[in-house]
Amino acid sequence: MLSEFEIVPATSDMLDDILALEEACFSSPWTRKMLEGELTGNQFAHFLVAIRHRQSKIKTEPAIIGYHCFWIVFEELRLMNLAVRESMRRRGVGGTLVTAALHLALEQSATRAILEVRISNDSARSLYTRIGFVPIGSRPRYYTNPIEDAVLMQMNPLVVPHGRQREKGFVSGGESASTDSL
Ligand SMILES: CC(C)(COP(=O)(O)OP(=O)(O)OC[C@H]1O[C@@H](n2cnc3c(N)ncnc32)[C@H](O)[C@@H]1OP(=O)(O)O)[C@@H](O)C(=O)NCCC(=O)NCCS
């Protein structure tokens, strides 16, 4: 079976699928209202999804396998929310989504990027470190359910990563990237 994914802007009709993924991935998920607000009511917000086209002999079925919400506020890119379906992790989807945000932010003249991540979230911290973010501080008890500190990470100056990540399919929004099948 041939499979691939592409990065495209999210639309309101994807809300149900995004919410399902959000609820599957986080202990304190964003609500439908919060997601809707980012999709339609926030001038700084951008929302990208990774869509996988699973091909069989008779039809192609698109499925949302990841998403990334981020804000571009003048010179600053803020990574707000990122998730990849569990069965599709470690295939470059999360990195591709973040890299697409970096590309867009650079195009819009952003010069630095920041994010918060749970101190125990080793996979996300590894991903951000590999992309080029560095820890610059912490926010005590930032998260609830469970209560936990956030690590504040920054990329300054903002650059798009090169090397192995790109070989694996770290591309900007709209292009396709080949992946393994599920
Ligand atoms: C964090 C998350 C988005 C990563 O998505 P992903 O598609 O698996 O990430 P990628 O495949 O692009 O990973 C790229 C690199 O990040 C690092 N990385 C990602 N997951 C990792 C893990 N579980 N352990 C160690 N390193 C990891 C690796 O360096 C990896 O490269 P490699 O696979 O060649 O070793 C995903 O695990 C997820 O959705 N987690 C739950 C939600 C969440 O925590 N979101 C982040 C909130 S801040």
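In short, a report on the structure. (Residues numbered from 1 in each chain as written. Predicted model: local features only at pLDDT ≥ 70, side-chain atom pairs only at ≥ 80, totals over all residues.)

### Things to note about the site of the ligand
Right, on to step 1. Taken together, the neighbourhood of the ligand is formed by 19 residues, with Arg 89, Gly 94, Gly 95, Ser 123 and Ser 126 sitting nearest.
Right, on to step 2. Every element with two or more residues in the shell around the ligand is listed here: β4 (76–84), α3 (93–107) and α4 (122–131).
Right, on to step 3. The element that contributes the greatest number of residues to the shell around the ligand is α4, accounting for 6 residues.
Right, on to step 4. A breakdown of the residues in the shell around the ligand according to their chemical character gives 8 nonpolar, 6 polar and 5 charged. (Near = placed C-beta within 6 Å. Helix = DSSP H or I, 4+ residues; strand = E, 2+ residues; numbered from the N terminus. Nonpolar A, V, L, I, M, F, W, Y, C, P; charged D, E, K, R; others polar.)

### So, the nonpolar core
Right, on to step 1. In terms of nonpolar packing, the biggest core is built from 42 residues, with Tyr 67, Leu 77, Leu 97 and Ala 101 touching the most fellow members.
Right, on to step 2. The element that contributes the greatest number of residues to this core is α3, accounting for 7 residues.
Right, on to step 3. Setting aside its immediate chain neighbours within four residues, Leu 77 contacts Phe 70, Ile 72, Ala 101, Ala 105, Ala 110, Ala 113 and Leu 158. (Core = buried A, V, L, I, M, F, W, Y, C linked by C-beta atoms within 7 Å. Buried ≥ 20, exposed ≤ 12 C-beta atoms within 10 Å, placed from the backbone. Contact = placed C-beta atoms within 7 Å.)

### Let's talk about the pairing of β4
Right, on to step 1. As defined by bridge partners, strand β3 (residues 60–73) adjoins β4 across 8 bridges and the pair is classed as antiparallel. Paired with Ile 72 across the two strands is Leu 77, which belongs to β4.
Right, on to step 2. The hairpin turn running from β3 into β4, its antiparallel successor, is 2 residues long, and Phe 74 in that turn takes a positive phi close to 55 degrees.
Right, on to step 3. Relative to strand β5 (residues 112–118), β4 runs parallel, the two being bridged by 4 bridges. Residue pairing in the sheet places Leu 77 in a bridge with Ala 113 of β5. (Pairing = 2+ DSSP bridges.)

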